[in-house]
Amino acid sequence: MTDSTEPITSPARLTLFGFAPVPAHVRVIHRPRSLRLSRALLWLVGCWALAPLVGLLPPHLPWALTAFGAGIYFARTNWRGTYEIQSLEARCPSCGHALTVKPGTRVGVEYPITCYNCHQEPLLELPEPPEAA
C-alpha cells in the first residue's frame, strides 16, 4: 500500500467526441477507499451527534436540520474523489488551449474539464486505482 500523501504522476488522457485523444500530465494523490470511508463516516457521525445539541438553541429546528444536512454534505464530499489533483498540464483536444484545474480538486477516474476558450468539455480519463482487497 502506498502512502496516501505521496503525489504520483499518473498517465492520463483527454478525450472529446470527434477529436483524437490528447495525452495529459497529471500529478495526483491517490485517496484509498479506507481513508475516504473513514473520513466520510467521521463527518457523518460527528455532525449527526451535534444535531441534537445545536437543536437546543433557538430557533431549534433550523439548527438541527443544518447539522443533519452538513453531515450528509461533508460525508459525500469526503467519499467522492479517488484522486486529488496536485497539478495538470493538458491541452484541449478541440482548440489546443491550456486547461487548468484547481489544485486539491478531488476527481474520479473520469472528470469533465471545461475549456473556457472553445466551451467544450473534454473528459479527463485516469487509470483505475489499485484498490487493496
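As a starting point, this report considers the structure included with it. Keep in mind that this is a model prediction, so the values were computed, not measured. (Residues numbered from 1 in each chain as written. Predicted model: local features only at pLDDT ≥ 70, side-chain atom pairs only at ≥ 80, totals over all residues. Heavy atoms only, no water.)

### A look at a nonpolar patch on the surface
Consideration 1: On the surface, a nonpolar cluster with roughly 270 Å² of combined accessible area is contributed by L37, L41 and W79.
Consideration 2: Mapped onto the fold, L41 is located in helix α1 (residues 33-54). (Patch = residues over 30% accessible without salt bridge, like charges linked within 9 Å, V, L, I, M, F, W, Y side chains within 5 Å. Areas by Shrake-Rupley, 256 points an atom, 1.4 Å probe, with all protein chains shown as cover. Salt bridge = Lys/Arg side-chain N within 4 Å of Asp/Glu carboxyl O. Helix = DSSP H or I, 4+ residues; strand = E, 2+ residues; numbered from the N terminus.)

### Notes on the environment of E84
Consideration 1: Among the structural elements, E84 can be located in strand β3 (residues 83-91).
Consideration 2: When residues no more than four places from it in sequence are discounted, the contact partners of E84 are R27, V28, I29, R31, G104, T105 and R106. (Contact = heavy atoms within 4.5 Å.)

### Let's talk about the packing of aromatic side chains
Consideration 1: This structure, assessed with the given rule, holds 3 aromatic pairs.
Consideration 2: Relative to F74, the ring of Y73 lies with its centre 5.1 Å away and its plane at 70°, an arrangement referred to as edge-to-face.
Consideration 3: The structure contains a cluster of three or more aromatic residues connected by ring pairs, namely W43, Y73 and F74.
Consideration 4: It is R36 that lies over the ring of W79; its NZ or CZ is 4.8 Å from the centre. (Phe/Tyr/Trp six-rings, centres within 6.5 Å; stacked < 30°, edge-to-face > 60°. Lys NZ or Arg CZ within 6 Å of the ring centre and 35° of its normal.)

Such coordinate-based values are descriptive only and should not be taken to indicate function.
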